[in-house]
Amino acid sequence: MEENIFSELEINSETRKKEVLAFTKKRYLYEEIKNTPKGYFTGISGLRGIGKTTMLLQLANESENSLYFSADSSNLRSETTYGVVKIAIAKGYKNIFIDEIHYKKDWQQDIKTIYDEKEVRIFFSGSSAIEIKKGADLSRRAIIYHLEPLSFREYLIIKKGFPELNSIAATDLFNSEKLKKIIVETSKFHSLLQDYYKSGGLMYPSEDQNYFYKSLENALEKIIHADLEYLRSVDLDMENNIYRLLEWVAISPAGEVNYSSLSSKLGISKPTVIKIIEDLVKIGVIKRTLPCGKDLVRKEPKLYLAFPFREYFNYILSKKSDVGSLREEFFVNHVLETCYLKGGRGEITADFLLAGKVLEIGGEGKSFYQNPDFIVKDAVIIADRIIPLYLIGFLY
């Protein structure tokens, strides 16, 4: 590498690190990632636009002799990850922060070699797909954290400017006294739930909806043309099928979209639909919820979108999002381990499981006729076995 190119890399690193000092808010995994045991390299995976770059730069500012660079930089196209890091080591850097690492060919082998030489510590970020391709050798050397999109709680802190708000344990929602206290302290945030539906999940500035959706559009193009290309080749037909599939999921009511229905509506073979869904789940655009119970593993999953893709697609299609779908989507995006309840033919069942409790999701008038343990209502209500929906957004 030419000396002037590395100097540009150093200047950019210092500039980016200085710029991020103005951003003092931290994502929910920050402290855990910061405290990763020093015997491991550290990876951050996740959907585009959720703050991985910001987190890397924040961590770099708290590390001695740190250097940040993005693997997709045009002036590094001819350079290997190993080559850049070795020059950085020779310059005295001890902590290297590499963004978008999946853009570099053979990055896993390079990271493995760097680790084995034990001269420097590496922090890196990339598409959610890096978890799938990290390989057995790398898994023993690097801890890869999966970062979820901004929760409603984080959205209030980071994008709306509210003071620090504590997360809530699921068990607190089932304790009537604790729940009452939490509702009294947080009820004012319920009115911002609709804002979250439109611009939550991602870090892009959202004061101007048109600008925000343009940023989201650009991110979606990169997801399809860069992140998905990391998993498989994406030709024009595949690209069109991906967009059509995402649009159909976005305009469909809750529970009415699955592999079979998408295959029928879009005129795409079911194996192709499953392949696209699998990739979009790995990237983080689609959330897939499986049915509860071992005997139901052959049942098709329910499919939802990460926020705010439903509102985005409905906006560009001049449609109105189904409110029931938004409510369920809000739930599954915040409850990271759940399954949906599936009864027999003609059997009425509630919606989901959370920490062993059966929950039904609905509006203010939702009743207990499906016999759940608790109802999660889109309302601010203090009542026995009623959990306000917005509080699900405080689980992380």
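The coordinates are above.
Just so it is clear, the model here is predicted, and its values are computed rather than measured. (Residues numbered from 1 in each chain as written. Predicted model: local features only at pLDDT ≥ 70, side-chain atom pairs only at ≥ 80, totals over all residues. Heavy atoms only, no water.)

Concerning the overall build of the protein chain
Piece 1. The secondary structure content of the protein chain amounts to 16 helices and eleven strands.
Piece 2. Projected onto its principal axes, the C-alpha positions of the protein chain cover 70 × 50 × 40 Å.
Piece 3. Looking at the 396 residues of the protein chain, the share that counts as buried comes to 53%.
Piece 4. A separation of at least 24 residues holds for 70% of the contacts in the protein chain among residues at least 6 apart in sequence.
Piece 5. Taken as a whole, the protein chain presents about 18,100 Å² of accessible surface, with 47% of it coming from carbon and sulfur.
Piece 6. In the protein chain, which carries 55 positive and 55 negative side-chain charges, the distance between the mean positions of the two groups comes to 3 Å. (Helix = DSSP H or I, 4+ residues; strand = E, 2+ residues; numbered from the N terminus. Buried < 20%, exposed > 50% of the residue type's maximum accessible area, 1.4 Å probe, protein only. Contact = heavy atoms within 4.5 Å. Areas by Shrake-Rupley, 256 points an atom, 1.4 Å probe, with all protein chains shown as cover. Lys, Arg positive; Asp, Glu negative; His and termini not counted. Charge placed at Lys NZ, Arg CZ, Asp CG, Glu CD.)

A closer look at the sheet that holds strand S9 (residues 357–362)
Piece 1. If you walk across this open sheet you meet the four strands as S8-S9-S10-S11, and the pairing is mixed. Of all strands in the sheet, those with a lone pairing partner are strand S8 (352–354) and strand S11 (386–388), marking the two edges. Neighbouring strand axes in the sheet, compared pairwise and without regard to direction, differ in orientation by 40° on average. (Pairing = 2+ DSSP bridges. Axes fitted to C-alpha atoms, helices over the stretch in contact; angles between N-to-C directions.)

Examining the packing of aromatic side chains
Piece 1. For the coordinates displayed, the defined rule picks out 23 aromatic pairs.
Piece 2. Residues Tyr196 and Phe330 carry aromatic rings whose centres are separated by 5.6 Å and whose planes lie at 90° to one another, so their mutual orientation is edge-to-face. Of this pair, Tyr196 sits in helix H10 (residues 193–199) while Phe330 sits in helix H16 (residues 323–334), and the two are 134 residues apart along the sequence. Residue Tyr196 shares its accessibility class with Phe330, and that shared class is buried.
Piece 3. Seen from their ring centres, Tyr390 and Phe394 are 6.3 Å apart, and the 80° between their planes marks the pair as edge-to-face. You'll find Tyr390 and Phe394 in the same group, each marked buried.
Piece 4. Across the ring face of Tyr30, the terminal group of Lys26 is positioned such that the distance to the ring centre comes to 5.2 Å. (Phe/Tyr/Trp six-rings, centres within 6.5 Å; stacked < 30°, edge-to-face > 60°. Lys NZ or Arg CZ within 6 Å of the ring centre and 35° of its normal.)

Here's the deal with the pairing of strand S3 (residues 95–99)
Each regular strand displays side chains that alternate between the two surfaces of the sheet.
Piece 1. Of all five residues that make up S3, five are buried, and the element is covered over most of its length.
Piece 2. Sheet topology places strand S2 (residues 66–70) next to S3; five bridges connect them, and they run parallel. By the bridge assignment, Tyr68 is partnered in S3 with Phe97.
Piece 3. Read from S2 through helix H4 (residues 81–90) to S3, the crossover connection turns out right-handed.
Piece 4. As judged from the four bridges shared by S3 and strand S4 (residues 121–126), these two strands associate in the parallel manner. Within S4, the residue paired with Asn95 across the bridge is Arg121.
Piece 5. Crossover S3 to S4 through helix H5 (residues 107–117) is right-handed. (Right-handed = clockwise from strand over helix to strand, strands pointing away.)

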